[in-house]
Amino acid sequence: MAEGQELKDKSRLRYPINGFQALVVTALLVGLGVSAGLPLGMLTEMLLPLAWVATLTAFIFSLLLYLKALMAPASALAPGGNSGNPLYDFFLGRELNPRFGSFDCKYFCELRPGLIGWVLINLALLVQEAELRGSPSVAMWLVNGFQLLYVGDALWHEEAVLTTMDITHDGFGFMLAFGDLAWVPFTYSLQAQFLLHHPQPLELPTASVICLVNAVGYYIFRGANSQKNTFRKNPSDPRVAGLETISTATGRQLLVSGWWGMVRHPNYLGDLIMALAWSLPCGVSHLLPYFYLLYFTALLVHREARDEQQCLQKYGLAWHEYCRRVPYRIVPYIY
Ligand SMILES: NC(=O)C1=CN([C@@H]2O[C@H](COP(=O)(O)OP(=O)(O)OC[C@H]3O[C@@H](n4cnc5c(N)ncnc54)[C@H](OP(=O)(O)O)[C@@H]3O)[C@@H](O)[C@H]2O)C=CC1
Ligand SMILES: CC(C)CCC[C@@H](C)[C@H]1CC=C2C3=C(CC[C@@]21C)[C@@]1(C)CC[C@H](O)C(C)(C)[C@@H]1CC3
């Protein structure tokens, strides 16, 4: 169990940290099912109807959450999503942490169904490819391996999600419910879907270079996220104690050396490099496998701007000083 950030009423919610176990249990159940004859590859023929059902589920779910929020106390509402315009509020989400008993709807949906669903769809595509062509292609192995690493990493470090703005700031409305339940599993698996219908030959040297790109991206992504998380938990931890910092009026400090002295969002940079590595095994003949990279760039640029606003409000002059010391946002010398 872990405690979340302090809420408006000074209380803290508790969250179970067992997402990785959920992934392992799912893998065991799927393994058992397949050995008992479950035709996993058939899942690939049901993707469109399943995506519709997931969208409908997200719609009904967010409608119920909108109604539930009508009875919630003011202290439980999110900073956005309470404009009085029902459509806008339904979309952004009114309640910050809607719960039924100890079951936290937003926390549950943020990682588990979407991320585990995504790798399950990828696996079904790999199995289907093996059935169609005798064995999975190198490109399919790479896409499955890279994305499984990403999902496993997110679930292994599940506690870190408690400090993301999705959990601490945003309400749980249609946008996030749809994003978590429908958008992530069905569009993040587009590269594997593409490979099933457009097989790509991949020579060993090219495959090795793509693995290197993914490894560099992951190294930056994990290094930056872990450095900040370690620093936020315990600034005197020997792994971060030697880093240069700026003091802020809130009592919290900002890192200005290490990963966070290179650009203001080194974790986004690593994530984008990995996104490129996931598209490269699909070749360069089609734009579809690059959809994730393009969408993700837009999402992170927008997210960075929102985070910047929040940090400016929180840290004022100290944030200006940080921006002066670390002028680039995501890509050194470019952006
Ligand atoms: N695959 C996907 O679809 C998505 C992936 N992501 C990934 O999720 C991860 C988390 O991203 P996200 O939640 O956006 O935000 P970040 O993990 O980048 O966190 C931003 C926060 O970090 C703190 N911070 C910023 N600068 C510093 C500094 N110099 N020193 C110390 N603390 C600092 C601030 O909070 P405070 O000071 O309050 O601690 C700030 O609000 C990223 O790796 C991102 O790439 C995100 C969205 C979608
Ligand atoms: C519907 C729209 C197009 C926008 C939807 C946005 C959502 C898909 C994303 C908002 C924040 C997300 C995060 C992750 C997945 C995508 C969404 C839900 C994340 C779980 C991916 C894995 C990372 O390691 C993370 C840090 C755990 C991510 C948290 C934010």
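Not measured: the values here are computed from a predicted model. (Residues numbered from 1 in each chain as written. Chains lettered and ligands numbered in written order. Predicted model: local features only at pLDDT ≥ 70, side-chain atom pairs only at ≥ 80, totals over all residues. Heavy atoms only, no water.)

1. Some thoughts on the UniProt feature "transmembrane region" (unreviewed entry) in the protein chain
Here is step 1 of the chain: Residues given the UniProt feature "transmembrane region" (unreviewed entry) here are residues 20-40, 46-67, 172-190, 202-221, 241-260 and 272-296.
Here is step 2 of the chain: What you have in residues 46-67 is 95% helix and 0% strand, and the ends, taken at the C-alpha atoms, are 32 Å apart.
Here is step 3 of the chain: End C-alpha atoms of residues 172-190 are separated by 26 Å, and the span's content is 79% helix alongside 0% strand. (UniProt positions renumbered as here; feature names shortened; annotations may be inferred. Helix = DSSP H or I, 4+ residues; strand = E, 2+ residues; numbered from the N terminus.)

2. Looking at the site of ligand 1
Here is step 1 of the chain: Neighbouring ligand 1 are 25 residues; Tyr188, Tyr268, Asp271, Lys314 and Tyr315 lie closest to it.
Here is step 2 of the chain: Here Leu255 contributes a backbone N or O atom positioned 2.9 Å from a nitrogen atom of ligand 1.
Here is step 3 of the chain: In the environment of ligand 1, an oxygen atom lies 2.9 Å from a nitrogen or oxygen atom belonging to the side chain of Asn267.
Here is step 4 of the chain: Compared with its free state, where it exposes 930 Å², ligand 1 has 86% of that area covered by protein.
Here is step 5 of the chain: Elements that contribute at least two residues to the shell around ligand 1 include exactly helix H9 (204-233), strand E6 (253-255), helix H10 (266-279), helix H11 (291-315) and helix H12 (317-325).
Here is step 6 of the chain: It is H11 that provides the largest number of residues to the shell around ligand 1, a total of 8 residues.
Here is step 7 of the chain: Considered class by class, the residues forming the shell around ligand 1 number 14 nonpolar, 4 polar and 7 charged.
Here is step 8 of the chain: Two domains each provide a minimum of three residues to the shell around ligand 1, namely domain 1 (39-202) and domain 2 (203-334). (Near = heavy atom within 4 Å. Polar contact = N/O pair within 3.5 Å; in protein donor to acceptor, adjacent residues only side chain to side chain. Areas by Shrake-Rupley, 256 points an atom, 1.4 Å probe, with all protein chains shown as cover. Nonpolar A, V, L, I, M, F, W, Y, C, P; charged D, E, K, R; others polar. Domains from an automatic or database assignment.)

3. Quick notes on the nonpolar core
Here is step 1 of the chain: Of all hydrophobic cores here, the largest spans 59 residues; its most connected members are Trp118, Met140, Tyr150, Leu195, Trp278, Tyr292 and Phe296.
Here is step 2 of the chain: Counting residues per element, this core draws most heavily on helix H4 (residues 105-133), which supplies 10 residues.
Here is step 3 of the chain: Built from parts of two domains, this core gets at least three residues from each of domain 1 (39-202) and domain 2 (203-334).
Here is step 4 of the chain: If we skip the residues at most four places from it in the chain, Trp118 touches Gln147, Tyr150, Val151, Val184, Pro185, Tyr188, Ser189 and Trp278.
Here is step 5 of the chain: Counting 18 residues, the second-largest nonpolar core is a separate cluster that includes Trp259, Cys311, Trp319 and Tyr322. (Core = buried A, V, L, I, M, F, W, Y, C linked by side-chain atoms within 4.5 Å. Buried < 20%, exposed > 50% of the residue type's maximum accessible area, 1.4 Å probe, protein only. Contact = heavy atoms within 4.5 Å.)

4. Here's the deal with the site of ligand 2
Here is step 1 of the chain: Taken together, 16 residues lie around ligand 2, and Glu110, Leu111, Ala154, Asp166 and Asp180 are the ones closest in.
Here is step 2 of the chain: Protein burial of ligand 2: of its 640 Å² of free accessible surface, 80% is covered by the chains.
Here is step 3 of the chain: Of all the secondary-structure elements, those providing two or more residues to the shell around ligand 2 are H4, helix H5 (138-156), helix H7 (174-187) and H11.
Here is step 4 of the chain: The class makeup of the residues in the shell around ligand 2 is 11 nonpolar, 1 polar and 4 charged.

5. With respect to the state of the cysteines
Here is step 1 of the chain: Taken as a whole and assessed by the stated rule, the structure comprises 0 disulfides.
Here is step 2 of the chain: Unpaired in this structure, Cys105 has its nearest cysteine sulfur neighbour in Cys109, at a distance of 6.7 Å.
Here is step 3 of the chain: Of all cysteine sulfurs, the one in Cys282 lies closest to Cys211, which takes part in no disulfide; the gap is 14 Å. (Disulfide = S-S within 2.5 Å.)

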